[in-house]
Amino acid sequence: METKEIAAAIGSIPKHKEELRKAFESLQSYSSALASFTLQWKQLDDYLSSIQSSIEVRFQDLRSLESSVLSHPPAASTVPSEPHPPAEPEKSPRPELRLLCSKMDGKSLRTFLMKHRKDSPVTRDELIGALRSAPDAPALVLDALAGFYPEKQKSAKDNEIQTMRRTCINLLQRVQEMGPEIKESTKEKAKKVAAEWKTKVSADGDNLEGHGFLQLLAAYRLVDEFKVDEVLDVVVLIARRNQTIELCKTLGFDAYIPELIQKLNNNGKQLDAVKYVQAFNLVDKYPLVPLLKSYLKATRKAAQEIRTKGNNSFQHMNDAMVKELGALKSVIKAIEDYGLESEYPRENLQKRITQLEQQKAAEKKRTATDAAAASNSKMQQQKQQQQTNKRPRPLTASTAPTVASYPPPPLVRNHPQLGMSERAPYMGSAGSYGIAGPTPHYHHAGHNLLAASAGLGGLTAPPSSYLYPPDHLVGSGMYDRSLPYGGYSISGLSAPYGPAR
């Protein structure tokens, strides 16, 4: 039997199962006459669905094997391969997981899976068995997808949103594996959801968005509802993910891979195009080495644009070098993975990597030196500024200290016993210190006596001979007693001698 006949037979299973259900209901009408007839249609339906899923999985394996044989026909001496190991039996789901599915509570099912995400391998293996307990598994999963795009989305990289989207993709994968019959109403609803998701997938968004969209098409068989070019554009966005290759095979995109490779090449994703060329056995049509060289050329051009736009600043130089280094290392890995050493020697690539790494280290060292010099210069400037602030300011009218001024001492005025004139002797008319009258005791001083030092109030202190009597007058009784004048002696100080005895 050819694979087309097998596919047609599998496609007729839902029709035969519906006929069996009607026959079972007819038989059930006689159950009252049979006390031991306790079988329920749900149990029989679960059993038949399990068999159908197993058949579809084996059929997919058969198609993959057939495609591989046609692409690489075995030689005559080739030893026949061992038969494909049988699929592992489904694990019995935990009661709470089965209960949520039987109640058709999609939101709670999604929450339960998110809560137990750390043991996701277990829940993934249990999920198919649990979904078989649901009256309508496709409708249940479709309800759970409501959280893929939350109403209040904080960020595309928010951890909770990431976990929610992975959970939704897990549910879609299980539906795809089950291959259940999808009601027309459920399919129409899924079509609307897919159309909404398509508008939200963008190059700046999360890769899980594109993955979820393609998985939705695969699970609900909606690929024919969209233009091939639109779907390929989403594939280009997430081409780097390994699951995307399998999704392209599931969606039946084998015939459109050349178009996909062209799109990847035009978008500077030649390294991703290499994976699809290898996965779909198109090496003869698309040699790998030219694609790798084209990828390096495009990367160098992009790195140069980064340098130019950043005016060769350290940050932009570093970004450009990191970009080129990553591309070189990826190409070397591709050469190793696909055995291209003979076609594309990697010695020159390795030399370029060494050159870039040395240049990167030198730039980092130079930048560190410049930063240290700038820091030292700034510290010197701050020191100089502090020293400048500590220097005394020049005196001005507002900042000069105030000098205390004192009134001149009282003048010794005329006293009848001294034989002085009406005014002080140093205020005479002959000069500042001229003698006013013909007093014999003072006449020898002359009219042009000048003071020896400056006095207060702009006056010069009188000579000592005017303040003290000649030696021959001392002890005559004229100067041996205090002569108070307003509480002061002639000299302006208290008398140093007591009264004569």
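Quick note: structure is the one above.
So, here's what we can say about the structure. Worth saying up front: this structure is predicted, and the values here are computed from it rather than measured. (Residues numbered from 1 in each chain as written. Predicted model: local features only at pLDDT ≥ 70, side-chain atom pairs only at ≥ 80, totals over all residues. Heavy atoms only, no water.)

A few points about the side chain of Lys-275
Summarising the element assignment, Lys-275 is placed in helix α14 (residues 270-279). In this structure Lys-275 is buried but unpaired, with Asp-272 as the nearest side chain of opposite charge at 4.3 Å. A distance of 2.8 Å separates the side chain of Lys-275 from the backbone oxygen of Arg-240, its partner in a polar contact. For Lys-275, the residues in contact, after removing those within four places along its chain, are Ala-239, Arg-240, Arg-241, Asn-242, Ile-245 and Tyr-338. (Helix = DSSP H or I, 4+ residues; strand = E, 2+ residues; numbered from the N terminus. Buried < 20%, exposed > 50% of the residue type's maximum accessible area, 1.4 Å probe, protein only. Lys, Arg positive; Asp, Glu negative; His and termini not counted. Salt bridge = Lys/Arg side-chain N within 4 Å of Asp/Glu carboxyl O. Polar contact = N/O pair within 3.5 Å; in protein donor to acceptor, adjacent residues only side chain to side chain. Contact = heavy atoms within 4.5 Å.)

Some points on the pattern of salt bridges
On inspection of all chains with the given rule, the structure shows 16 salt bridges. We note a salt bridge from Lys-263 to Asp-229, for which the minimum N-O separation is 2.9 Å. Taken together, the residues Lys-263 in helix α13 (residues 257-266) and Asp-229 in helix α11 (residues 228-237) connect sequence positions 34 residues apart. The class of Lys-263 is buried, set by a relative accessible area of 18%. The salt bridge partner of Arg-307 is Glu-324, with a shortest N-O separation of 3.8 Å. Remark: Glu-324 occurs in helix α16 (residues 314-337) and Arg-307 occurs in helix α15 (residues 288-309); sequence separation between them is 17 residues. Overlapping salt bridges bring together Arg-300, Arg-307, Glu-324 and Arg-352 as one network.

Some points on helix α8 (residues 159-178)
In this model α8 runs 29 Å from its N-terminal to its C-terminal C-alpha over 20 residues, within 8% of the 28 Å that 1.5 Å per residue would give. Counting buried positions over the 20 residues of α8 gives 14, a clear majority of the element. Immediately beyond the C-terminal end of α8, within one or two residues, lies Gly-179, with a positive phi of roughly 60 degrees. (Expected span 1.5 Å × (residues − 1).)

Structural notes on the packing of α14 against α15
In contact at an axis separation of 8 Å, α14 and α15 are set at 165 degrees when each is read in the N-to-C sense. As judged from the angle between their axes, α14 and α15 are roughly antiparallel. The way α14 lies across α15 gives a crossing that is left-handed. In this structure, α14 contributes Gln-270, Leu-271, Val-274, Val-277 and Gln-278 to the contact, and α15 contributes Leu-288, Leu-291, Leu-292, Ser-294, Tyr-295 and Ala-298. When grouped by side-chain class, the residues that make up the contact of α14 with α15 number eight nonpolar, three polar and no charged. (Axes fitted to C-alpha atoms, helices over the stretch in contact; angles between N-to-C directions. Parallel < 35°, antiparallel > 145°, perpendicular 65-115°, else oblique. Left-handed = near helix turned anticlockwise from the far one by under 90°. Nonpolar A, V, L, I, M, F, W, Y, C, P; charged D, E, K, R; others polar.)

Function cannot be read off these values alone, since they describe shape.
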